[in-house]
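Here is how the chains run, residue by residue.
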Amino acid sequence: MFKRHAVKLGLSLLMCFALPAPPSEAHLAKWGSWEVTHRNLMKLFPDADPNAWRIKRYTYSDLEVKYLEQQLGFELYPEDKQPEFFIAQDAVGNFLGVAIFIDPRTKPKILEGGILTLEVGIGVNAAGKINRIKVYDYRGNLELTKDSFLTQLRDKTLESEFTMGKGGLVAVVGEPEESQLVSNAAREALLLMKVALGRRE
């Protein structure tokens, strides 16, 4: 049984987030089937009960949209004003965290005649910290998808530094822009969750 009070408790921990400055550009990423979405979710929370994922949908108010756009530095896509957050719990119903998928690029990038997608999954734990990040189906430098790069974003909060080259963050060699976009996606996930989930219901 889904423990609603545990989810409330975990999500309320997001209230303590502060807001750093670096802007990003992003669009929420979605896959065409639950099978693909589920597979990608399990990469973010491997300990989650595969059959116990819950979806929390949220509609941002006009005031919240204005605030988000101010913090992010770009206008939200219409569909991004109604995001889906994926709630993870373990086999005994303990709240593990929240996941969201973000495509942190608004301008298409072409590689070998095709559009280079950059779809980032971000898992945030009950303490309001980045738990795990995954980059899916990337066709550029695969170092961008490896833990040697991604783990440096683990445990970050909205109070953390997200600018490559600062605070110990190291970009993938030859991929400074893509590295920054992944980091931006992590920050945006925390911000979206703070506004949508960081309050007591």
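Everything discussed here concerns the structure shown above.
Keep in mind that what you see is a predicted model, and the values were worked out from it rather than measured.

1. A closer look at helix H3 (residues 62-72)
Every α-helical turn comprises 3.6 residues, leaving residues that sit three or four positions apart pointing alike.
Thinking step 1. Regarding H3, the residues found buried are Glu64, Val65, Leu68, Gln71 and Leu72. An end-on view of H3 places all buried positions within 130 degrees of arc, on one side of the element. Exposed side of H3, more than 90 degrees from the buried face: Asp62, Leu63, Lys66 and Gln70 are the residues found there.
Thinking step 2. Contacts from the buried residues of H3 go to helix H5 (176-197).
Thinking step 3. Downstream of H3 by a residue or two, Gly73 has a phi angle that is positive, lying close to 85 degrees.

2. Some points on the packing of aromatic side chains
Thinking step 1. Overall, the coordinates contain five aromatic pairs when judged by the stated rule.
Thinking step 2. Relative to Tyr136, the ring of Phe101 lies with its centre 5.9 Å away and its plane at 70 degrees, an arrangement referred to as edge-to-face. Of the two residues, Phe101 is situated in strand E4 (residues 95-103) and Tyr136 in strand E8 (residues 130-136); the sequence distance between them amounts to 35 residues.
Thinking step 3. Taking relative accessible area as the criterion, Phe101 reaches 3% and is therefore assigned buried.
Thinking step 4. Aromatic rings pair up to connect Trp34, Phe86, Phe101 and Tyr136 into one cluster.

3. Re the pattern of salt bridges
Thinking step 1. Counted by the stated rule, this structure contains three salt bridges.
Thinking step 2. Notably, a salt bridge pairs Arg57 with Glu84, separated by 3.0 Å at the nearest N-O pair. Of this pair, Arg57 sits in strand E2 (residues 54-57) while Glu84 sits in strand E3 (residues 84-89), placing them 27 residues apart in sequence.
Thinking step 3. Relative accessible area serves as the criterion here: at 57%, Arg57 is assigned to the exposed category.

4. Points about H5
Thinking step 1. The first and last C-alpha atoms of H5 sit 31 Å apart over 22 residues, in line with the 32 Å expected at 1.5 Å per residue.
Thinking step 2. Extensive coverage of H5 is indicated by the burial of 19 of its 22 residues.

5. Section: the packing of H3 against H5
Thinking step 1. In the contact formed by H3 and H5, the axes pass within 11 Å of each other and the chain directions differ by 160 degrees. The angle between the axes of H3 and H5 places the two elements in the roughly antiparallel class. Crossing of H3 against H5: the hand is right-handed. Contact residues: H3 offers Glu64, Tyr67, Leu68, Gln71 and Leu72, while H5 offers Arg187, Glu188, Leu191, Leu192, Lys194 and Val195.

6. Describing the nonpolar core
Soluble globular proteins: nonpolar side chains tend toward being buried together.
Thinking step 1. Among the nonpolar cores identified, the biggest contains 43 residues, and Tyr60, Phe85, Ile122, Ile133 and Val182 are the most heavily contacted of them.
Thinking step 2. Counting only elements with at least two residues in this core, the list comes to H3, E3, E4, strand E7 (119-125), E8, helix H4 (147-150) and H5.
Thinking step 3. When near neighbours in sequence (up to four residues on either side) are disregarded, Ile133 contacts Leu44, Val120, Gly121, Ile122, Leu150, Leu153, Val182 and Ala186.
Thinking step 4. Core analysis: the second largest hydrophobic core is formed by 13 residues, Leu44, Phe45, Trp53 and Tyr136 among them.

Parameters at a glance
- Residues numbered from 1 in each chain as written.
- Predicted model: local features only at pLDDT ≥ 70, side-chain atom pairs only at ≥ 80, totals over all residues.
- Heavy atoms only, no water.
- Buried < 20%, exposed > 50% of the residue type's maximum accessible area, 1.4 Å probe, protein only.
- Helix = DSSP H or I, 4+ residues; strand = E, 2+ residues; numbered from the N terminus.
- Arc of directions from axis to C-beta.
- Contact = heavy atoms within 4.5 Å.
- Phe/Tyr/Trp six-rings, centres within 6.5 Å; stacked < 30°, edge-to-face > 60°.
- Salt bridge = Lys/Arg side-chain N within 4 Å of Asp/Glu carboxyl O.
- Expected span 1.5 Å × (residues − 1).
- Axes fitted to C-alpha atoms, helices over the stretch in contact; angles between N-to-C directions.
- Parallel < 35°, antiparallel > 145°, perpendicular 65-115°, else oblique.
- Left-handed = near helix turned anticlockwise from the far one by under 90°.
- Core = buried A, V, L, I, M, F, W, Y, C linked by side-chain atoms within 4.5 Å.

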